[in-house]
Amino acid sequence: MTVDDPFIISSGTKMVTAVTTLKLSEQGKLDLDGPISQYLPEDLVANLLVLDGESYGETITVRQLLNHTSGLGDFSNGPDTDGSGLPDFKDLVLKEPDTLWDVDAVLAWAVENIPPVSIPGDGFHYSDTNFQLLGLIIENVSDLPLHEAYRQFIFEPLGMNDTYLEFYEDGAPGDNGRSVSQAYYAGTNWDDLDSHSYEWGSGGLVSTFEDQTRFMWALVNDELFDEPASKEAMMTWVDTGDPGNYYGLGLWHFVIDEWDIPGLGEVYGHGGLFNSHAHY
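Conventions adopted
- Residues numbered from 1 in each chain as written.
- Predicted model: local features only at pLDDT ≥ 70, side-chain atom pairs only at ≥ 80, totals over all residues.
- Heavy atoms only, no water.
- Phe/Tyr/Trp six-rings, centres within 6.5 Å; stacked < 30°, edge-to-face > 60°.
- Helix = DSSP H or I, 4+ residues; strand = E, 2+ residues; numbered from the N terminus.
- Buried < 20%, exposed > 50% of the residue type's maximum accessible area, 1.4 Å probe, protein only.
- Lys NZ or Arg CZ within 6 Å of the ring centre and 35° of its normal.
- Patch = residues over 30% accessible without salt bridge, like charges linked within 9 Å, V, L, I, M, F, W, Y side chains within 5 Å.
- Areas by Shrake-Rupley, 256 points an atom, 1.4 Å probe, with all protein chains shown as cover.
- Salt bridge = Lys/Arg side-chain N within 4 Å of Asp/Glu carboxyl O.
- Lys, Arg positive; Asp, Glu negative; His and termini not counted.
- Charge placed at Lys NZ, Arg CZ, Asp CG, Glu CD.
- Expected span 1.5 Å × (residues − 1).
- Core = buried A, V, L, I, M, F, W, Y, C linked by side-chain atoms within 4.5 Å.
- Contact = heavy atoms within 4.5 Å.

Draft legend 1. Seen up close, the packing of aromatic side chains. Tallied over the full model, the rule gives 18 aromatic pairs. Relative to Tyr198, the ring of Phe75 has its centre 5.8 Å away and its plane inclined at 85 degrees; by these criteria the two rings are edge-to-face. Separated by 123 residues along the polypeptide, Phe75 in the loop between α3 (62-66) and α4 (88-95) and Tyr198 in the loop between β6 (188-189) and α8 (200-203) bring together distant segments of the chain. For Tyr198, a relative accessible area of 3% translates into the label buried. Plain terms: the ring middles of Trp252 and Phe254 are 5.5 Å apart, the flat faces sit at 15 degrees to each other, and that makes the pair stacked. As far as burial versus exposure is concerned, Trp252 and Phe254 are alike and both buried. Through a chain of ring-to-ring contacts, three or more aromatic side chains come together here, namely Phe75, Phe89, Trp101, Trp109, Tyr185, Trp190, Tyr198 and Phe274. Taking the ring centre of Phe131 as reference, the NZ or CZ of Lys14 above it sits at 5.7 Å.

Draft legend 2. Representation of a negative patch on the surface within the structure. Residues Asp239, Asp242, Asp257, Glu258 and Glu266 make up a contiguous surface patch of negative charge. Structurally, Glu258 is set in the loop between β10 (252-255) and β11 (266-271). When its relative accessible area of 35% is taken as the criterion, Glu258 is described as partly exposed.

Draft legend 3. View of helix α6 (residues 128-142). Under the 1.5 Å per step criterion, the end-to-end length of α6 is 21 Å for 15 residues, consistent within 8% with the ideal 21 Å. Extensive coverage of α6 is indicated by the burial of 13 of its 15 residues.

Draft legend 4. Fine view of the nonpolar core. Grouped together as the largest cluster of nonpolar side chains are 61 residues, with contacts concentrated most on Ile36, Val62, Ile137, Ile154, Phe215 and Met234. Ignoring any residue separated from it by four or fewer positions in sequence, one finds Met234 in contact with Met15, Ala18, Val19, Leu22, Leu219, Phe225, Gly248, Leu249, Gly250 and Leu251. Counting residues in hydrophobic clusters, the runner-up holds 19 residues, among them Phe75, Val180, Trp190 and Val206.

Draft legend 5. Quick peek at the pattern of salt bridges. Tallied over the entire structure, the rule returns nine salt bridges. As a salt-bridge pair, Lys23 and Glu26 come within 4.0 Å of each other at their nearest N and O atoms. Residue Lys23 and its partner Glu26 are both found in helix α1 (residues 13-26); the two are separated by three residues, about one turn of the helix. No difference in accessibility class separates Lys23 from Glu26, as the two residues are buried. Close ionic contact of Asp33 with Arg63 constitutes a salt bridge, the shortest N to O distance being 2.7 Å. Highlighted residues: Asp33 in the loop between α1 and α2 (42-48) and Arg63 in helix α3, separated in sequence by 30 residues. Judged by relative accessible area, Asp33 falls into the partly exposed class, the value being 46%. Among the residues examined, Arg63 registers a relative accessible area of 25% and is labelled partly exposed. One salt-bridge network, in which partners are shared between bridges, spans Lys23, Glu26 and Asp226.

Next up, the structure:
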């Protein structure tokens, strides 16, 4: 790899999804503490989170999706029922490489196969399912496809010209003319799989070092939001149960002193499946 190569940022996408959600909140198009039932189909919400025969999906809030306290299980890193050593959904991605997933199919699979972990608000559980739902909410309240909402609210204002949502936009080679850096999962080249189209709002972006730097400095220097309360909300941390690991709205906060490594302070940002990290 070179510094100019485009690469998959995977869950680094969650920062972009969160900022887009907060921008829509600033415009009054959604309420962070409102139930997701205001923005999603009734049948989907009713079946999302059922415990002991009772549906709690109607009580999940947008904020709980953003900070992973919704109680929903993680479809992409869930159970390994066949003992293969990989989550069932990742197994499916590898075994059916030509499948093109959309958000409706992903959520249908999640509802059918992934049990909830708790009632909403009962604790932190990292879940890609949350950010698939947020992508759908963004589309429903903005009347824009997710990739166009990203572009309108973030990429164009910041000049992030080499960042795009795979499978939904034409990907241009980086400034150096090279293709997306190859990423391997369980010995398979992820870039060769149409089935990794599932990642979408939870992890579907390709970006570059320069664009990721533009995004992080805009966050640090208060250039992403119109209202200070939006960044304050993004950086309101919940305890994940692991020392030094806290989560805001689409944003990790690592307090390195709590890992018994003194003197290195703390960082915030997000990483992704293939070890792409953007932190300040």
